[in-house]
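# Remarks on the overall topology
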Amino acid sequence: MSPLASGPQGPTTLRPLLTTVLDALTAGAATRDGPLPAGGPTEVAARLREALGDPFPEHGDEDALRTLVQALAAGAADPADPLCTAHLHCPPLAVATAADLAASVLNPSLDSWDQAPAASELEALVTRALAAEVYGETGQARSAGDALVTTGGTESNQLALLLAREHHGHTQLVCAENAHHSLRRATWLLGLPEPVTVPAPAGTMDPAALGEALTALPGPLLVAATAGTTDAGLIDPLPDIAALCETHGARLHIDAAYGGGLLFSDRHRPKLDGLARAHTVTLDLHKLGWQPVAAGLLAVRDRHDLAPLGHHADYLNADDDTEAGLPDLLGRSLRTTRRPDILKIAVTLKTLGRTGLGALVDRVCERAAEFAELIHRHPHFELHDRPTISTVLFRPADATDDTVAAVRRTLLTEGRAVLGRARLDDRLWLKATLLNPHTGADDLAALLKLVEGHTPR
């Protein structure tokens with residue numbers, strides 16, 4: 001009989017398995033010996049297929065845990081490696097990862113109180129605290145705000161559009177050219193009209209163009225602004241946008257999936273002035289929050305806006321149970337079965353506190369500024385601009401777009417570095433998004449040296 005992870009014997013059963021996992025992770029990382037496996041898609045796939053063998057054999061293999069964890073680690077792109085900087089893909093905190101293990105062991109599902117008695121209360125307390133972080137800690141805003149746990153920015157943005165549609169009818173989305181692709185996809189999913197797109201000439205929404213659009217368009221309107229673009233980490237002029245929305249009676253959503261983490265930093269929080277004037281705000285703590293995926297949130301200024309999500313299923317929230325005091329959880333998500341992602345978030349907030357999390361944010365922003373300065377002073381590189389958050393765009397001087405793309409792919413194929421790409425100003429740039437607080441000056445210099453050494457001249 002296969003042992004279980006939960007129950008009185010669960011910890012005893014898990015302990016030797018955890019040793020196996022940790023040893024396999026160590027062995028896999030040693031095999032990879034870099035930020036990602038060498039060889040490109042074909043070779044990586046072949047090695048994985050060899051390790052896996054028959055995916056569903058007639059008889060089980062007791063060594064499968066070690067084999068597959070080691071194979072996955074050997075074939076992983078490691079976000080903790082200083083040369084793995086392509087995406088908003090953070091190295092998770094050890095304490096958050098340990099908490100996530102506990103969530104998996106206990107396996108509560110947040111679709112009814114009798115499946116998650118403590119987890120449901122923990123979620124209610126922590127989400128309201130995070131909503132207060134967005135909307136303020138005093139006065140009416142604290143009592144009115146709330147937040148939902150989501151799988152990330154895509155789900156949060158879709159929920160924001162859904163709430164706008166349910167409150168205001170056939171809503172028209174207005175967003176800038178820099179808006180995340182999930183917003184346009186959400187209009188399709190929800191049967192809304194094609195978004196009206198306003199220019200973003202410097203990478204951020206143009207308030208003058210927004211004002212013209214709001215004047216010309218019939219309502220109801222939803223404006224989606226961005227606090228932390230995926231290409232360059234730029235932040236739209238939030239106070240100006242909020243003022244225009246208030247003048248024209250438009251609803252405001254701010255996608256702060258990346259930039260929302262600046263709330264934790266006293267130094268960088270002012271970059272988000274205007275955030276609290278939004279009706280809804282997207283946050284992702286698996287970016288500037290160092291959580292294992294997934295750890296998304298949608299904050300709402302008025303918790304009554306969540307009413308359209310209410311749903312009845314007699315086996316989960318029968319009326320008489322609700323009247324008797326059992327919390328109704330179905331209105332907390334469009335999902336039914338839902339794991340307690342709030343636990344790792346709660347453990348992180350409690351363990352590090354505002355000072356600890358803020359220090360991590362400050363550190364990665366400082367590293368990005370240092371990297372930008374290194375590029376600026378280097379005669380063989382061109383810097384796009386000083387970073388707003390922790391993303392730096394650069395390219396070899398005098399290189400063509402084809403060369404920039406080829407350098408990136410070569411470094412990927414050789415397993416030497418993971419750099420992203422972004423197209424701005426009609427040119428292709430290499431993108432380094434620094435989310436590892438342990439990255440040092442030597443690591444940044446090594447990354448630049450790698451790119452230089454792989455650039456034909």
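Here goes a summary of the coordinates provided. Keep in mind that what you see is a predicted model, and the values were worked out from it rather than measured.

### A word on the sheet that holds strand β10 (residues 420–424)
The strand order across the open sheet formed by four strands is β8-β9-β11-β10, and the pairing between neighbours is antiparallel. In this open sheet, the two strands that pair with only one neighbour each are β8 (381–383) and β10. Averaged over neighbouring strand pairs, the angle between their axes works out to 40° when direction is ignored. Across three bridges, the pairing between β8 and strand β9 (residues 391–396) is antiparallel. Within β9, the residue paired with F381 across the bridge is P396. Along the sheet, helix α13 (residues 342–377) makes contact with β8, β9 and β11 (427–433), crossing β9 at roughly 20°.

### Details of the nonpolar core
In a soluble, globular protein the nonpolar side chains are often hidden away together inside. With 59 residues, the main nonpolar core has V223, L252, I254, L275, V281 and W290 as its most contacted residues. Residue contributions to this core peak at eight residues, all from α13. Ignoring anything within four residues of it in the chain, the contact list for L252 reads L222, V223, A225, I241, A242, C245, R277, A278, H279 and T280. Core analysis: the next-biggest nonpolar cluster, separate from the first, contains 25 residues, L383, V407, L430 and L448 among them.

### Comments concerning the environment of W113
Mapped onto the fold, W113 is located in the loop between α4 (94–106) and α5 (117–135). Once the C-alpha coordinates of W113 and P327 are considered, the two residues, 214 residues apart in sequence, prove to be 6.0 Å apart.

### Side note on α5
For α5, with 19 residues, the first-to-last C-alpha span of 28 Å sits near the 27 Å given by 1.5 Å per residue. Of the positions making up α5, those classed as buried are A119, S120, E123, V126, T127, L130, A131, A132, E133, V134 and Y135. Once α5 ends, the next one or two residues include G136, with phi positive near 110°.

### Side note on the pattern of salt bridges
Pairing of side chains with opposite charge becomes possible as their charged atoms draw close. Within this structure, the stated rule accounts for 25 salt bridges. With a shortest N-O distance of 3.4 Å, R377 and E373 are connected by a salt bridge. With R377 and E373 both in helix α13 and four residues apart, this pair spans about one turn of that helix. For E373, a relative accessible area of 29% puts it in the partly exposed group. Among the ionic contacts, a cluster of salt bridges with common partners joins D100, R339, D341 and K344.

About the criteria used
Residues numbered from 1 in each chain as written. Predicted model: local features only at pLDDT ≥ 70, side-chain atom pairs only at ≥ 80, totals over all residues. Heavy atoms only, no water. Pairing = 2+ DSSP bridges. Helix = DSSP H or I, 4+ residues; strand = E, 2+ residues; numbered from the N terminus. Axes fitted to C-alpha atoms, helices over the stretch in contact; angles between N-to-C directions. Contact = heavy atoms within 4.5 Å. Core = buried A, V, L, I, M, F, W, Y, C linked by side-chain atoms within 4.5 Å. Buried < 20%, exposed > 50% of the residue type's maximum accessible area, 1.4 Å probe, protein only. Expected span 1.5 Å × (residues − 1). Salt bridge = Lys/Arg side-chain N within 4 Å of Asp/Glu carboxyl O.

By themselves, these observations are geometric and do not establish any function.
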